[in-house]
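Fold and contact review
Single-letter residue listing:
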Amino acid sequence: MYREVAQELLSFIKSSPTPFHAVWNISGILEKEGYERLKEGSAWNIRPGGRYYVTRNGSSILAFKTGTQMENYSFHITASHSDSPTFKLKENAQMDVKGKYTVLDTEGYGGMLCSTWLDRPLSLAGRVIVKEGNGLASRLLNIDRDLLMIPSLAIHMNREVNEKQSLNKQKDMLPLYSGRKMDADALKNLVADELEVEAEQIYGTDLYLYNRAEPSIWGADDEFISSPRLDDLECAYASLRGFLRGENSETVSVYACFDNEEVGSQTKQGAASTFLCDVLTRINAALGKTPEDLSRALASSFMLSCDNAHAVHPNYPEKTDVCNCVYMNEGIVVKSHAGQKYTSDAVSIALFKMICEKAGVPVQFFANRSDMNGGSTLGNIAMSQVSVNTVDIGLAQLAMHSSFETAGVKDAAYLIRAVETFYKSHICEKDAGVYEIEDGCTGK
């Protein structure tokens, strides 16, 4: 079972080189399961027991299904993100070098490990805005061949490279495109040929580098998976599968996958945007509920903020906390931080532990060393717009923000089971500070 789930995950990641492709693929999975697409700019007709999804910017997506007993309903939400650190192509990208090479001008997106992008086949993917008649259409692009490379400088020209290396994104990280000086419109013509349009029809692009390395399952006992973009497509895919399997009649089950987490989420489609709040408010109104009903629903709601966590590194075990450190294949990671970089607290941790007990899934706990600053994630950012009980969780991995990351073969399956159980459960506060997790009726 674990290997089968891992193979499905790696197939999803391989077909999702950018957030635009990930959201397209998630949309396709939802539509096969009978979910109806809604548009933000149109009126919504939502029925109890209905299934729907809506996208923003083509790179963030919210899916939801409504229960059939909505008298005292709440929201069950999972949140993940669709983006990963990479390099974005600039508008005028072609650069000539001595009339013998053409390289492409890029800029960094997010906090990547630059060295992991060197000396490996790369290509371009993203979205292209194409003029069609009097309008504009968004088209997905994936140049599915080895197109680019960022070559290292030989050790003979940098004798200190193994002792000291500093990579400048404007100088050291530009990908080689051609062994000749190319026409000014060569790259644009390539994109046009891939899309089977005229170059004059291309009005805008959002194109990114991606690592062409094949995802793999490996290790002495096939216990590891390695792939680009495990952070955070592993959680995005696993929480989606759990969402599709679980529901109960007393909640609105919500699946959220936001773009731009790697650059702070402060965009119209990021976790700090109004996207989640807008959708929850519109669901409440479409169900004939009042603003008072929405406030009551949010007060009894719960969210799983799903973003991967740092496993103990075999060569650097001292980099993790002595007591709160985690390992691949040993269960879902609950993350906490006194300074609230993670939003977990005693209540949300306890509720999630009970959910995992019901699911038969192991749990482990992560905290940063007290003398080291860690990263942040979606939970507390999303809470600036919608305040609900939230726990920050993830799956243990190595080489986070590398162009090729490593995780455990079992952990995606663990998350699917936990998320399924979460959506099947009804969480209620019986009295002030007294909670119960009940088996929710599916209404089927």
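What follows deals with the packing of helix H1 (residues 2-14) against helix H9 (residues 411-424). One way to put it is that H1 packs onto H9 with a least axis distance of 8 Å and a crossing angle of 95°. Here H1 lies roughly perpendicular to H9, going by the angle between them. Contacts from Tyr2, Val5 and Leu9 in H1 reach Ala412, Ala413, Tyr414, Ile416 and Arg417 in H9. Along the lines of polarity and charge, the residues of the contact of H1 with H9 split into 7 nonpolar, no polar and 1 charged.

This paragraph deals with the pattern of salt bridges. Counted under the stated rule, the structure contains 15 salt bridges. Close ionic contact of Asp222 with Arg3 constitutes a salt bridge, the shortest N to O distance being 3.0 Å. Highlighted residues: Asp222 in the loop between strand S11 (216-218) and strand S12 (224-227) and Arg3 in helix H1, separated in sequence by 219 residues. Relative accessible area serves as the criterion here: at 34%, Asp222 is assigned to the partly exposed category.

Note on placement: Ser239 falls in helix H4 (residues 230-245). For Ser239, a relative accessible area of 0% corresponds to the buried category. Sequence separation between Ser239 and Ala413 is 174 residues, and the spatial gap between their C-alpha atoms is 9.9 Å. Not counting the four nearest positions on each side in its chain, Ser239 is found in contact with Thr78, Ser80, Tyr255, Leu415 and Val419.

Another aspect to go through is the side chain of Ser60. One can find Ser60 in strand S3 (residues 60-66). Under the relative-accessibility criterion, Ser60 is labelled buried at 0%. Side-chain polar atoms of Ser60 contact the backbone nitrogen of Asp259, separated by 2.8 Å.

On to helix H7 (residues 346-359), then. Counted at 1.5 Å a residue, the expected span for H7 with its 14 residues is 20 Å, and the 20 Å between its end C-alpha atoms agrees. Buried within H7 are the following residues: Ser348, Ile349, Leu351, Phe352, Ile355, Cys356 and Ala359. Projection of H7 onto a plane perpendicular to its axis shows the buried side chains occupying an angular sector of 165°, all on one side. Facing away from the buried surface of H7 by more than 90 degrees, the exposed residues are Ala346 and Glu357. Its side-chain oxygen placed 3.2 Å from the backbone nitrogen of Val347, Asp345 serves as the N-cap of H7. Taken from the residues just after H7, Gly360 is the one with a positive phi, measuring 70°.

Calculation criteria
- Positions within a chain are numbered from 1, following the residues in the order the chain's sequence is written.
- The model is predicted, so local features are restricted to residues of pLDDT at least 70 and side-chain atom pairs to those at 80 or more, both for listing and for counting; the totals for chains, interfaces and linings are taken over all residues.
- Derived side-chain values reflect all non-hydrogen atoms in the structure, with water molecules and hydrogen atoms excluded from consideration.
- As a rule, the C-alpha atoms of each element are fitted with a line to give its axis, helices using only the stretch in contact, and angles between N-to-C directions run from 0 to 180 degrees.
- Each helix is a run of H or I in the DSSP string that is no shorter than four residues. Each strand is a run of E no shorter than two, and both are numbered from the N terminus.
- Note on terminology: angles under 35 degrees are roughly parallel, angles over 145 are roughly antiparallel, angles of 65 to 115 are roughly perpendicular, and the others are oblique.
- The contact criterion used is simple: two residues touch if any of their non-hydrogen atoms lie within 4.5 Å.
- All residues other than Ala, Val, Leu, Ile, Met, Phe, Trp, Tyr, Cys, Pro, Asp, Glu, Lys and Arg, Gly among them, are scored as polar; the first ten of these are nonpolar and the last four charged.
- The term salt bridge refers to a side-chain nitrogen of Lys or Arg lying within 4 Å of a carboxyl oxygen of Asp or Glu.
- Any residue under 20% of the maximum accessible area for its type is buried, any over 50% is exposed, and the rest in between are partly exposed; the area is computed with a 1.4 Å probe on protein chains only.
- Pairs of N or O atoms within 3.5 Å make up the polar contacts considered here, provided that, within protein, one atom can donate a hydrogen while the other can accept it, and that residues adjacent in sequence are counted only when both atoms are side-chain atoms.
- Take the residue count of a helix, subtract one, and multiply by 1.5 Å to get its expected span.
- Directions pointing from the helix axis toward each C-beta atom define the arc.

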